[in-house]
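Residues per chain are reported as follows:
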Amino acid sequence: MIRTTFGLLLLATSALAADLDSPALFAVTNVETGDVLNIRAAPDASSQILDGLQPGATVEVTAMGAEGRWGRVNTDETSGWASLKYLERLPGAETGLGYPVTECFGTEPFWSLDLASDVPVFQILGEDEVTLTVRREVRGQGRPDRQAIIFDLTEGTGVLVVATRTCSDGMSDRAYGLGGDLVLGGPSARMLSGCCSISP
């Protein structure tokens, strides 16, 4: 599910905190209608409330607290912590990249890769959008925390390698669990840095 006129390579290293091999999707459970699950500034029930999640909402947990009782989530322009007592992990691989990546993005220059639609689109700010044609996906041998997507370009082939690591978008206080380097091939080859998300 991807198409481009360039080539892509997303590299990454490091794994996430305890009990979470890579970002995972969770549903808000055991929260009554009319109430919300608080997102707090720190993994502590007395910490400042930043926002709230509605009952039944799906959220991407990008890391877990040291004791595995809190999950880090993004909200608005920052990240916070929600109690895992009220979050249930949705079906997906128990280890490795078990959920499809929905978007990747970066700054300097601003770029985005929309992988959620039937026709994925890549764009650099100020340049024309490029649709991507996916050839295949490859899992890392002996590295369940890495995945490559290979696609055909107008000139040549592109590769997007996604791996688990803490990543900042450079523009906000959000914290992502997937990221790396983006290499654009072809006549005007270049390398960009970015983050990826599995948000629904």
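A few points on the structure.

1. As for the sheet that holds strand S1 (residues 24–28)
So, point 1. If you walk across this open sheet you meet the three strands as S4-S1-S8, and the pairing is antiparallel. For this open sheet the edge positions go to strand S4 (58–61) and strand S8 (87–89), each flanked by a neighbour on one side alone. This sheet shows a mean twist of 40° between the axes of neighbouring strands, independent of strand direction.
So, point 2. As paired elements, S1 and S8 share three bridges and run antiparallel to each other. For Val28, the partnering residue across the bridge sits in S8 and is Leu87.

2. Focus: a nonpolar patch on the surface
So, point 1. A cluster of nonpolar residues, Phe110, Leu125 and Met171, forms a patch on the protein surface that exposes about 350 Å² of accessible area.
So, point 2. Tracing the backbone through its elements, the reader meets Phe110 in the loop between strand S9 (103–106) and strand S10 (111–114).
So, point 3. Relative accessible area serves as the criterion here: at 41%, Phe110 is assigned to the partly exposed category.

3. Examining the sheet that holds strand S11 (residues 121–124)
So, point 1. The strand order S12-S11-S10-S9-S17-S16-S15-S14-S13 describes an open sheet built from nine strands, whose pairing is antiparallel. Each end of this open sheet is capped by a strand with a single partner; those strands are strand S12 (130–131) and strand S13 (133–140).
So, point 2. The pairing of S13 with strand S14 (residues 143–152) spans seven bridges and is classified as antiparallel. Residue Thr133 lies in a different strand from S14, and its bridge partner there is Asp152.

Procedures and definitions
Residues numbered from 1 in each chain as written. Predicted model: local features only at pLDDT ≥ 70, side-chain atom pairs only at ≥ 80, totals over all residues. Heavy atoms only, no water. Pairing = 2+ DSSP bridges. Helix = DSSP H or I, 4+ residues; strand = E, 2+ residues; numbered from the N terminus. Axes fitted to C-alpha atoms, helices over the stretch in contact; angles between N-to-C directions. Patch = residues over 30% accessible without salt bridge, like charges linked within 9 Å, V, L, I, M, F, W, Y side chains within 5 Å. Areas by Shrake-Rupley, 256 points an atom, 1.4 Å probe, with all protein chains shown as cover. Salt bridge = Lys/Arg side-chain N within 4 Å of Asp/Glu carboxyl O. Buried < 20%, exposed > 50% of the residue type's maximum accessible area, 1.4 Å probe, protein only.

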